[in-house]
Amino acid sequence: MSEIDALKDRLESLQAEALAAFAGAEDLNGLQGLRVHYLGKKGALTEVLKGVGKLAPADRPVIGKFVNQTKQALAVALDAVEAELAVKAKAARIEAERIDVTLSGRKSGSGALHPVQNGLDELTAIFSQMGFAVAEGPEIEDEFHNFDALNIPAEHPARAMHDTFFLKDLQGDDGQPMLLRTHTSPVQIRAMKRFLAESGEPPLAVVAPGRVYRCDYDVTHSPMFHQVEVFKVDRDVSLAHLKGVLQHFLSAYFEKEVAIRLRPHYFPFTEPSAEVDIGCVFCAGKGCRICKGSGWIEVLGSGMIHPNVLKSVGIDSEEFSGFAFGLGVERMVMLKKGIPDLRLFFENDVRFLSRMGVAK
Amino acid sequence: MKIPFSWLKKHVALTTTPNQIADDLVRLGHEVEGVETPRAAVKGVRVGLIESKIPHPDADKLSLLKVNIGEAEPLGIVCGAANMAEGDRVPVATIGASLPNGLKIKKGKIRGEVSFGMCCSESELGLAEDAAGLLILPADAPVGAEVGDYLELEEAVFDLSITPNRGDCMNVRGIARDLAADAGLPLADIDKSMIETNGDIAAPAVSVTAEQDCPVYMARSIQGITVADSPAWMQAALMMAGMRPINGIVDVLSYIMLDLGQPMHAFDADRLAGNISIRSARDGEDFAALDGRELKLNAGDLVVSDADSVIALGGIMGSEASGVTGATTNIVLESAFFRPARVSETRRIYAMVSEASMRFERGVDPAMVAIAMQRATAMMTELFGGSAGEITLCGDADTINSGRSVRCQVSRIATRLGVDIPVAADAVLTRMGFGVNRHEDRLDVAIPSFRHDVSIPEDISEEYARIIGFDAIPAVLPPLSTIRPDQQDRSIHDAVAGGFLQVVSYAFISSDEQRLFVAADGLDIALQNPISDAMSMMRRSPWPGLLSVARHNLNRQQSGVALVEQGRTYVQTVAGHDETNTMAWLMTGQTQQDQWHCAARQADFFDLKGALETWLSLRGLTGRFIADDAIQGLQAGQSAKILIGRTEAGRIGRVDGDIAAAFDIDAPVFVAEINLDKLPAGKQAKFVPLPEFPAVERDLVFLFDRNTSSDAILNAVKSGAGKLLTDARIFDLYAGKGVPEGKISLGIRFTLQDAKRTLTQEDSDAASSAIIAAMDKRFGASLRG
Ligand SMILES: [Zn+2]
């Protein structure tokens, strides 16, 4: 066998051996080792090439070409195997990194608004969108703002029905006794005075949320609860406008078209006055336990602001008229959410709070 | 007040059903709290004519009847009664009828004879307790008619809540007037017939010195009465109206008060001494009231007295000693008009409410004072004998509430109601007792004496609204007012977003709870009439309320709570008082359960402080927490005041262990409060260009004395590190093995940056050296090897 043939033989067997080795490579690391072993500077191929120096010069180009072909073949095979192993490696990594996506997420404690707060937010938002400005007033009031200015003079029977908490240690102007406001209506007086001081004359439209107090504590009464007072004064404000606002707001709050019914009633600070019922939200007006079979549920008191009330803040009742209504927030929330017991609001059981605190 | 249907029908011939009447009442403004039906309608019992009567072949005591009930064939009925004859008309319960006693009528065989119904007695119809035989109906009873309709057996009682302005409706006639006007029916006349008086009986001697409070007073003597029970029909009517029969005299007065609205009073004439005077009480005068209470009166109270003592608190209650008893034979009867405001005030002062005071304080009809007196005299003498003397009259009823009228414009009423005012409504108003004179747009309305509540055009517009009906008024959205909408206050929303549950607790606490966090300084605000001792003071701190809520929940298997409350606290001030808007937090126990990724942990000071820092930063504010060992109720060494700028705006700390234990809480409890009124407006975030060159971070670890404040350390870093420093914070804190006793190892991570260039090794080395020097100089702290 000539020198050149022997060399070709060695290259061929080297190639066969290398291809077999590549195919058997288990991972990219092993393959890298094989690359160095066969194609590295000190690798097997280089070792074989050391024999080229012994060849006749005429044979050298021939064997050179053969060597390049072998090198080429090994490189192609290496790349192919490498690509294949890379795919396998990625698949293995993905499998290794698999997680249980049904495990709970990492949360910080979940807070919630008190359901009464949710109710207040929803109610004030509705009126804000209708162009009513938000106003607040003091909870400790004098008799003038809580009663007299609202056309409830001292001897008035309605005054006795208010179950008023009086405060020791405090005295108002002219030595008036101080009390905890029994309704948010005094904000009418305070807000009207303030708005008039700012802008001189109506129109004014106000929503006044807040806490109120009655000396009455049983299953259906809490000594502290929340009201929202709404009123509007302008030229030619009518009972029809009151009905329009009530219809709009009650439907917005209950998120469906509710039927409303106004019944003539009596409040000292409005004339005419009306109590407002909505079609029972539990039985759609068919009659159930909650509406006592009537199909109607009383939700608030309303009316046209009494001229004496306008007079008490210096608004000319010949020129201007207004409507006002006040509603109990707890009651509205109970109706909307189906909460059966007023006491739940003030017990503050966190199980109740976290369940009811969600927005819907 | 309760009004029986049958009583209403004595004043107006109503033709509709009780349920329809209830709806009408609601529409007219009289709230119906319920409709009771003490006797339901009897259905299926018809008027029958006995055509033949023969003895039962197998039973001596039974008869076989053929009864015509208006059908083609007469009914065969077996009957055990004996009092009926051919030609009598009797109630016949037909097959299928059910009787008030629960009996259901079925076809039956009695001793071999078929019976197609049952003839009824009074007791079987629920009209009497027992009865000897069949109820024989009048000879003109229409054969075949429903006996229930014919005898008007159905009874309903309306439970009405009369609004305080409608004193005129606190009686059957007042309600009947509204219903009659509404239905277009006439109101029956009141019997005003005069009674014969006995000239031998002297009219009582009466003097009125308090004319202001008692403008009309009438009295008369009735002598020779034999007090007996009132008749059954009256007792039944009173009981249905919710009043207990007492004796004949008192019952007649109650009946007339309920019927016509005028409260009257009867004194036992033999228990009176001398003349009657209506006057102001003397200060401290004694009054032993009918309800057993003994009062010391105030000067100004209106009293009726005889020569010796007070015999009545005017319009409210008589005295025990002068009252009518079963043994009374001679009475003095009083009918008067007492001024509403006086009755209201006195009633309030003595917390003494009576049926009379409720009517007088709402205003009775002055025109009814005399009529009621006549009616009462007539009924009493008719029922209980005796004869009446002449009336003593002081004052003139015609001067009270008379001649009042209101002038208004129809167009203005229409504008304010948002609906046209039809002329037809005037007729209804007229039937309600008003005098109506409409001339084009001008409307003159004369007000009847019984309508104390009507005096201005708005009152007239209310009457028209009732007449037209609120349902007929359209719903119209008013034009928008142009106002600038307010920014919503996000305080509580941001607090809740930090993982806290919002609670709402009462504004009142006990005085013991008040003292937990606030010293006794005389500035508390207490309630005059608290619900209970536990709710006797306006809170000055929100923490007792939060502690109560925490206890409630920890007692119910909660391992921890994170609570927040927004509300007010209340305190006396030099100027009067102050209501402070406050935000308060409480954290205790394990606020997070064990989780797959982390174990449960007791809340600590820094959990709460972090929540507050986040909450403040959301309002553009930074708080400084200054250790303060002197906050009442908080544990020294774990409490701090919170400064915003120079303002002390809040407090935070761990609740004293004894206080927590008093609320049954073992775990450390952390609380905080922020005075929302003292919070300055936060800085609006302004745009700053993002840095173009990279920042450099370096860590240095020092050994400090254990009690060194990290706040002071970071301040020293900030002032000592040079202009390139943008941030510095504590990234590691360690004491224990490897750290000398009394020392603490603190790791400080600081950040350097320059807006104009990339920083070099020299820059960070210089800053490090400066910080090392500053720590050494300021705290004697050395770098940890
Ligand atoms: Zn219902």
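Cut-offs used in this document
Residues numbered from 1 in each chain as written. Chains lettered and ligands numbered in written order. Predicted model: local features only at pLDDT ≥ 70, side-chain atom pairs only at ≥ 80, totals over all residues. Heavy atoms only, no water. Helix = DSSP H or I, 4+ residues; strand = E, 2+ residues; numbered from the N terminus. Rg over C-alpha atoms; globule rule 2.2 N^0.38 Å. Contact = heavy atoms within 4.5 Å. Lys, Arg positive; Asp, Glu negative; His and termini not counted. Charge placed at Lys NZ, Arg CZ, Asp CG, Glu CD. Expected span 1.5 Å × (residues − 1). Buried < 20%, exposed > 50% of the residue type's maximum accessible area, 1.4 Å probe, protein only. Axes fitted to C-alpha atoms, helices over the stretch in contact; angles between N-to-C directions. Parallel < 35°, antiparallel > 145°, perpendicular 65-115°, else oblique. Nonpolar A, V, L, I, M, F, W, Y, C, P; charged D, E, K, R; others polar. Donors = N, O, S within 2.8 Å, 3.2 Å for Na, K, Ca; no water. Tetrahedral: all angles 85-135°; square planar, octahedral: opposite > 155°, others 65-115°. 1 Å grid on protein atoms, 1.4 Å probe; cavity = no way out; pocket = protein on both sides within 12 Å on 5 of 7 lines; lining within 4 Å. Points joined across faces, edges and corners; volume = space filled by probe spheres on them. Core = buried A, V, L, I, M, F, W, Y, C linked by side-chain atoms within 4.5 Å. Pairing = 2+ DSSP bridges. Buried area = accessible area lost by both parts, 1.4 Å probe. Salt bridge = Lys/Arg side-chain N within 4 Å of Asp/Glu carboxyl O. Domains from an automatic or database assignment. Phe/Tyr/Trp six-rings, centres within 6.5 Å; stacked < 30°, edge-to-face > 60°.

Caption draft 1: Fine view of the overall build of chain B. Along the backbone of chain B there are 19 helices and 37 strands. Computed over C-alpha atoms, the radius of gyration of chain B comes to 43 Å, more than 25% over the 28 Å expected from 2.2 N^0.38 for 785 residues, which places it beyond the range of a compact globule. Along the first, second and third principal axes, the C-alpha atoms of chain B reach 130 × 80 × 60 Å. For chain B, the share of sequence-separated contacts (at least 6 apart) that also reach a separation of at least 24 residues comes to 68%. Positive and negative charge centroids in chain B, built from 75 and 104 side chains respectively, lie 8 Å apart.

Caption draft 2: The arrangement of helix α5 (residues 115-129) of chain A in detail. Residue and element names in this part refer to chain A. Along its 15 residues, α5 runs 21 Å from first to last C-alpha, staying within 8% of the 21 Å computed at 1.5 Å per residue. Among the 15 residues of α5, 11 are classified as buried, and the element is accordingly described as predominantly covered. Among the residues of α5, those classed as buried are Pro115, Val116, Gln117, Asn118, Gly119, Leu120, Asp121, Leu123, Thr124, Ile126 and Phe127. With its phi angle positive at about 90°, Gly131 sits one or two positions after the end of α5.

Caption draft 3: Up close: the side chain of Gln514(B). All names here are of chain B. Along the chain, Gln514 turns up in helix α14 (residues 511-517). Of the residues examined, Gln514 reaches a relative accessible area of 2% and is grouped as buried. Every residue in contact with Gln514, bar those within four places of it in the chain, is listed here: Ile509, Asp524, Met537, Met538, Arg539, Arg540 and Ser541.

Caption draft 4: Region of the structure containing the packing of helix α2 (residues 28-39) of chain A against helix α4 (residues 60-96) of chain A. All names here are of chain A. Where α2 contacts α4, the axes come no closer than 10 Å and their chain directions differ by 170°. By the angle between their axes, α2 is roughly antiparallel relative to α4. Contact residues: Leu28, Leu31, Arg35, Tyr38 and Leu39 in α2; Lys71, Leu74, Ala75, Leu78, Asp79, Val81, Glu82, Leu85 and Ala86 in α4. Residues belonging to the contact of α2 with α4 are distributed by class as follows: 10 nonpolar, no polar and 4 charged.

Caption draft 5: Examining the coordination of the zinc ion more closely. Residue and element names in this part refer to chain A. The protein atoms that coordinate the zinc ion are Cys280 (SG), Cys283 (SG), Cys288 (SG) and Cys291 (SG), at distances of 2.2 to 2.3 Å. Around the zinc ion sit 4 donor atoms, and with donor-metal-donor angles ranging over 103 to 112° the site reads as tetrahedral. Linear spacing of the donor residues for the zinc ion on their chain is C-x2-C-x4-C-x2-C. Overall, Cys280 belongs to the buried group, its relative accessible area being 2%. Given the relative accessible area of 11%, Cys283 is considered buried.

Caption draft 6: A look at empty space enclosed by the protein. Counted according to the given criterion, the structure contains 3 cavities of 30 Å³ or more. Estimates place the volume of the largest cavity at around 150 Å³. In this structure, the largest cavity is lined by 17 residues; those nearest its centre are Asp168(B), Asn171(B), Leu260(B), Asp365(B) and Phe450(B). Element by element, the count of residues in the lining of the largest cavity is highest for helix α4 (residues 172-183) of chain B, at 3 residues. Residue classes in the lining of the largest cavity are distributed as 5 nonpolar, 7 polar and 5 charged. Empty space within the second largest cavity amounts to approximately 80 Å³. Lining the second largest cavity are Pro264(A), His265(A), Tyr266(A), Leu28(B), Gly29(B), His30(B), Thr163(B), Asn165(B), Arg166(B), Glu462(B), Glu463(B) and Arg466(B). Secondary-structure elements contributing two or more residues to the lining of the second largest cavity are β7 (260-267) of chain A together with α12 (457-468) of chain B. Here the residues of the lining of the second largest cavity sort into 3 nonpolar, 5 polar and 4 charged.

Caption draft 7: Highlighting the nonpolar core. Phe249(A), Leu250(A), Phe325(A), Tyr217(B), Tyr464(B), Phe508(B) and Leu563(B) are the most contacted members of the largest nonpolar core, which has 208 residues in total. Ranked by size, the runner-up nonpolar core spans 29 residues in total, among them Leu608(B), Ile642(B), Ile644(B) and Leu679(B).

Caption draft 8: Representation of the pairing of strand β17 (residues 302-305) of chain B within the structure. All names here are of chain B. Residues of β17 alternate between two faces, with Leu302 and Val304 on one and Val303 and Ser305 on the opposite face, all of them buried. Relative to β17, strand β14 (residues 276-280) is paired through 4 bridges, and the arrangement is antiparallel. In the strand pairing of β17, Ser277 is matched with Ser305. Relative to strand β18 (residues 310-313), β17 is paired through 3 bridges, and the arrangement is antiparallel. Its bridge partner lying in β18, Ser305 is registered against Val310. Between the antiparallel neighbours β17 and β18 lie 4 residues.

Caption draft 9: The arrangement of the sheet that holds strand β35 (residues 725-734) of chain B in detail. Residues and elements named next belong to chain B. Spatially, the 4 strands line up as an open sheet ordered β35-β36-β34-β37, and their pairing is antiparallel. The open sheet terminates on both sides in strands that have one partner only, identified here as β35 and β37 (782-783). Of the strand pairs in this sheet, strand β34 (residues 696-705) and β37 are connected by 2 bridges, and their pairing is antiparallel. Bridge pairing in β37 links Leu703 to Ser782. Sheet strands touched by helix α18 (residues 710-720): β34, β35 and β36 (743-752). Its angle to β35, the strand with the most contacts, is close to 145°.

Caption draft 10: Representation of the interface of chain A and chain B in the model. If you look at the interface, chain A gives 90 residues, while chain B gives 84 residues. For the chain A and chain B pair, buried surface summed over both sides reaches about 7,400 Å², with 60% attributable to carbon and sulfur atoms. Taken as a group, Pro264(A), Glu271(A) and Val350(A) account for 8% of the area that chain A buries against chain B, more than any other trio of residues on that side. A salt bridge links Arg568(B) to Glu139(A); the nearest nitrogen and oxygen atoms lie 3.4 Å apart. Element by element, the count of residues in the side of chain A that touches chain B is highest for helix α9 (residues 239-254) of chain A, at 7 residues. When its residues are assigned to classes, the side of chain A that touches chain B shows 42 nonpolar, 25 polar and 23 charged.

Caption draft 11: Spotlight on the domain arrangement of chain A. For chain A, the assigned domains read domain 1 (3-96) and domain 2 (115-355). Measuring from the centre of the C-alpha atoms in domain 1 of chain A to the corresponding centre in domain 2 of chain A gives 92 Å.

Caption draft 12: Representation of the packing of aromatic side chains. If you walk through the whole model with that rule in mind, you get 23 aromatic pairs over all chains. An angle of 45° between the planes, with centres 4.8 Å apart, marks the rings of Phe127(A) and Phe249(A) as tilted. Note that Phe127(A) is positioned in helix α5 and Phe249(A) in helix α9, a separation of 122 residues in sequence. Here Phe127(A) and Phe249(A) have matching classes, each one buried. Here Tyr217(A) and Tyr506(B) contribute two aromatic rings whose centre-to-centre distance is 6.2 Å and whose plane-to-plane angle is 80°, an arrangement assigned as edge-to-face. You can see Tyr217(A) sitting in the loop between β5 (204-213) and β6 (224-234) and its partner Tyr506(B) sitting in the loop between β25 (501-502) and β26 (508-509), one on each of two chains. On the basis of relative accessible area, Tyr217(A) is assigned to the partly exposed category, the value being 42%. In textbook terms, an aromatic cluster arises when at least three aromatic residues are bridged by ring pairs, as seen for Phe165(A), Tyr213(A), Tyr217(A), Phe346(A), Tyr506(B) and Phe508(B).

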